Amino acid sequence: MPPADSRRVRLLVSVRDPAEAALARAAGADLVDAKDPARGALGGLPPDETRAVIAAAAGGPTSAVAGEPASGEEAAAMLAALAGCGADYLKIAVPPGLDPAVLRLPVVPPVIAVLFAEDGPDPAIVPVLAAAGFSGAMIDTRVKDGRRLTDHLALPQLAAFTDACRRAGLLSGLAGSLRLDDIPALAALAPGYLGFRGGLCAGADRRGGLDPALIRAAARRLAAAPADAAAA
Ligand SMILES: O=C[C@H](O)COP(=O)(O)O
């Protein structure tokens, strides 16, 4: 991925297997993200499957989902299991009640904290995440029931989050049942990336297959998002 202050908003596409990884890369995904959509918002694939997905996404940056830990020990185990999978970033949930300061993060690969929109994340957590060693932070929705990110958090709240990430030098991401028509308003907040799964699947079914035409359309819309709207 580019540095956290890059002005172009990237397209993250979550994929479940090597075939989808290759398809997403070919259709214009900037960041190919390995996860198991059948296991909820942040279900990880087993390490051997993750490694195969990352290998198939060759030619650009990748991330892999580690999971939703209930404790610092569980977080360490999840991250250790994927440390050698070849991904450029690991993503792990940081639920309320889990103190980021107790997490032992690997130096490589860098780790992105995933916060859930339903919890109403306070932007004050962002510098705490930075101090704990995270390289990025994103907001996603925990419950995939059709409600989008902006059904939970208003644009000014999301802007406060992306601003806090910029100030802390963290890569930022926004996701949560996004659709193509969410792109203009969210890209204007200048996150590092927008993350998609369901909105780029046939019938908006995140457990179904990715539709390459929708990925291409998302990439085009992001490329067309007004560059001067991206905050410096
Ligand atoms: O990391 C991004 C997520 O995979 C987004 O999934 P979703 O668009 O189905 O909510």
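Values in this document were obtained by computation on a predicted structure and should not be read as measured data.

Parameters at a glance
- Residues numbered from 1 in each chain as written.
- Predicted model: local features only at pLDDT ≥ 70, side-chain atom pairs only at ≥ 80, totals over all residues.
- Heavy atoms only, no water.
- Salt bridge = Lys/Arg side-chain N within 4 Å of Asp/Glu carboxyl O.
- Helix = DSSP H or I, 4+ residues; strand = E, 2+ residues; numbered from the N terminus.
- Buried < 20%, exposed > 50% of the residue type's maximum accessible area, 1.4 Å probe, protein only.
- Expected span 1.5 Å × (residues − 1).
- Contact = heavy atoms within 4.5 Å.
- Near = heavy atom within 4 Å.
- Polar contact = N/O pair within 3.5 Å; in protein donor to acceptor, adjacent residues only side chain to side chain.
- Nonpolar A, V, L, I, M, F, W, Y, C, P; charged D, E, K, R; others polar.
- Pairing = 2+ DSSP bridges.
- Right-handed = clockwise from strand over helix to strand, strands pointing away.

Trainee: How should the pattern of salt bridges be read in this particular structure?
Mentor: Oppositely charged side chains are able to pair whenever their charged atoms sit close together. For the structure shown, the criterion picks out ten salt bridges. Arg8 is paired through a salt bridge with Asp30; the nearest N and O atoms lie 2.8 Å apart. Taken as a pair, Arg8 in the segment before β1 (10-15) and Asp30 in the loop between α1 (18-27) and β2 (31-34) lie far apart in primary sequence, 22 residues in all. With its nearest N and O atoms 3.2 Å apart, the salt bridge here joins Asp182 to Arg148. With Asp182 in the loop between β7 (171-175) and α7 (183-187) and Arg148 in the loop between β6 (136-140) and α5 (149-152), this pair connects stretches of sequence that are 34 residues apart. For Asp182, a relative accessible area of 9% puts it in the buried group. Here the salt bridges do not stand alone but share partners, grouping Arg16, Glu20 and Arg197 into one network.

Trainee: Whenever I open this one, unusual backbone geometry confuses me. Can you help?
Mentor: Most peptide bonds take the trans configuration, and most residues that are not glycine carry a negative phi. Backbone geometry places Ser177, a non-glycine residue, at a positive phi of 50°. Within the fold, Ser177 resides in the loop between β7 and α7. For Ser177, a relative accessible area of 21% gives the class partly exposed.

Trainee: I'm lost on helix α6 (residues 155-168) in this one. Help?
Mentor: In an α-helix, one turn spans 3.6 residues; hence positions three or four apart end up facing the same way. Taking 1.5 Å of rise per residue, 14 residues should cover 20 Å, and α6 covers 20 Å from first to last C-alpha, within 8% of that figure. Looking at α6, one finds that the buried residues are Leu158, Ala159, Phe161, Thr162, Ala164 and Cys165. The elements touched by buried residues of α6 are β5 (111-116), α4 (125-132), β6, α5, β7 and α7. After α6 finishes, the residue Gly169 shows a positive phi value of roughly 75°.

Trainee: Explanation requested: the site of the ligand in the structure shown.
Mentor: Near the ligand, the surroundings consist of 15 residues, among which Ser14, Lys35, Lys144, Ser177 and Arg206 are the closest. Here an oxygen atom of the ligand sits 2.9 Å away from a polar atom, N or O, in the main chain of Arg197. In terms of residue class, the shell around the ligand is built from four nonpolar, four polar and seven charged.

Trainee: Would you explain the pairing of β2 in this entry?
Mentor: Taken residue by residue, a regular strand's side chains alternate between the two faces of the sheet. Side chains of β2 alternate between two faces, with Leu31 and Asp33 and Val32 and Ala34 buried alike. Taken together, the four bridges between β1 and β2 define a ladder with parallel strand orientation. Bridge pairing in β2 places Ser14 opposite Asp33. For the segment spanning β1, α1 and β2, crossover handedness is right-handed. Bridging between β2 and strand β3 (residues 62-67) involves three bridges; their strand directions are parallel. Bridge pairing links Val32 to Thr62 in β3. On the question of chirality, the crossover connecting β2 to the parallel β3 by way of helix α2 (residues 47-56) is right-handed.

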